[in-house]
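What follows is each chain in one-letter form.
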Amino acid sequence: MPSAHGDHLFDGGYDFIGTGSTPPVTAQAKGHDIVYLAASGPRVENGRLVVHADSGIHEPADLKGKRVGLGHGSWQTTLLLPALEKAGLTWSDIIPVDVYNDAADRFLAREFDAWVGSYPFLTAMEQQTELRELIPTDGLFSHRSLWFTSRAFATNHPTELAAILTALNAADSWIRCHLSEAAALFTADDGRPIAEWEHALATRP
């Protein structure tokens with residue numbers, strides 16, 4: 001679960017983690033001593049808060065009492081919270097539905113009223129049904145990817161961390177110049193159409 005990523009630094013699971021904004025903040029809230037190592041640029045194009053076009057929900061205020069699908073504990077939580085706050089609502093005013101890989105299918109089946117969707121999963125929905133965005137993502141939150149580790153690992157393994165960060169930068173540079181090849185790698189991993197991954201990668205910084 002994304003919400004547990006920060007904990008995995010301290011249970012022997014990982015030494016170095018890259019996630020959205022929420023897990024490291026959650027880890028710090030639990031008292032874990034983490035060190036931030038890198039951050040991406042804003043990735044607001046990566047997801048949107050949407051409803052079906054024929055829905056009676058037209059703005060975030062209409063979400064009161066409604067079921068909202070999201071990957072709870074991920075960046076999707078960080079998008080939804082300020083959207084609710086702008087509407088004068090709190091987390092307790094909605095019914096959060098924790099969904100991950102099956103989110104698009106469940107949204108299409110209308111198992112929940114609104115969805116904090118992400119690309120490439122949103123691409124298929126945009127092709128199959130008409131959607132309406134409830135609030136512009138740009139300006140709502142920055143949605144940066146963050147890379148972090150425990151203070152102990154950062155102190156004891158500076159050479160390894162430098163090598164990892166160098167490799168991440170190299171990977172970013174390669175993807176920018178080889179979108180189709182990179183998309184093919186993601187497709188081989190999860191089976192989604194290559195065109196969906198090409199679109200997702202092309203809109204990310």
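Up top is the structure.
Presented here is a report on the structure given in the accompanying data block. (Residues numbered from 1 in each chain as written. Predicted model: local features only at pLDDT ≥ 70, side-chain atom pairs only at ≥ 80, totals over all residues. Heavy atoms only, no water.)

Further remarks concern the sheet that holds strand β1 (residues 16-19). The antiparallel open sheet is built from three strands, whose spatial order is β1-β8-β2. What marks the edges here is a single partner per strand, and that holds for β1 and β2 (34-39). Put simply, the sheet's adjacent strands are angled 25 degrees from each other on average, direction ignored. Pairing analysis gives five bridges linking β2 to strand β8 (residues 146-150), with the strands arranged antiparallel. Within β8, the position partnered with Ala39 by the bridge is Leu146. Across the sheet, helix α1 (residues 22-29) lies against β1, β2 and β8, angled at about 165 degrees from β2, the strand it touches most. Each of β1, β2 and β8 is contacted by helix α6 (residues 158-177), which is oriented at about 30 degrees to β1, the strand it contacts most. (Pairing = 2+ DSSP bridges. Helix = DSSP H or I, 4+ residues; strand = E, 2+ residues; numbered from the N terminus. Axes fitted to C-alpha atoms, helices over the stretch in contact; angles between N-to-C directions. Contact = heavy atoms within 4.5 Å.)

Looking now at helix α4 (residues 121-128). Within α4, the full set of buried residues consists of Leu122, Thr123, Ala124 and Met125. In this fold, the buried residues of α4 make contact with β3 (47-52), α3 (103-108), β6 (114-118), β7 (131-133) and α8 (194-202). (Buried < 20%, exposed > 50% of the residue type's maximum accessible area, 1.4 Å probe, protein only.)

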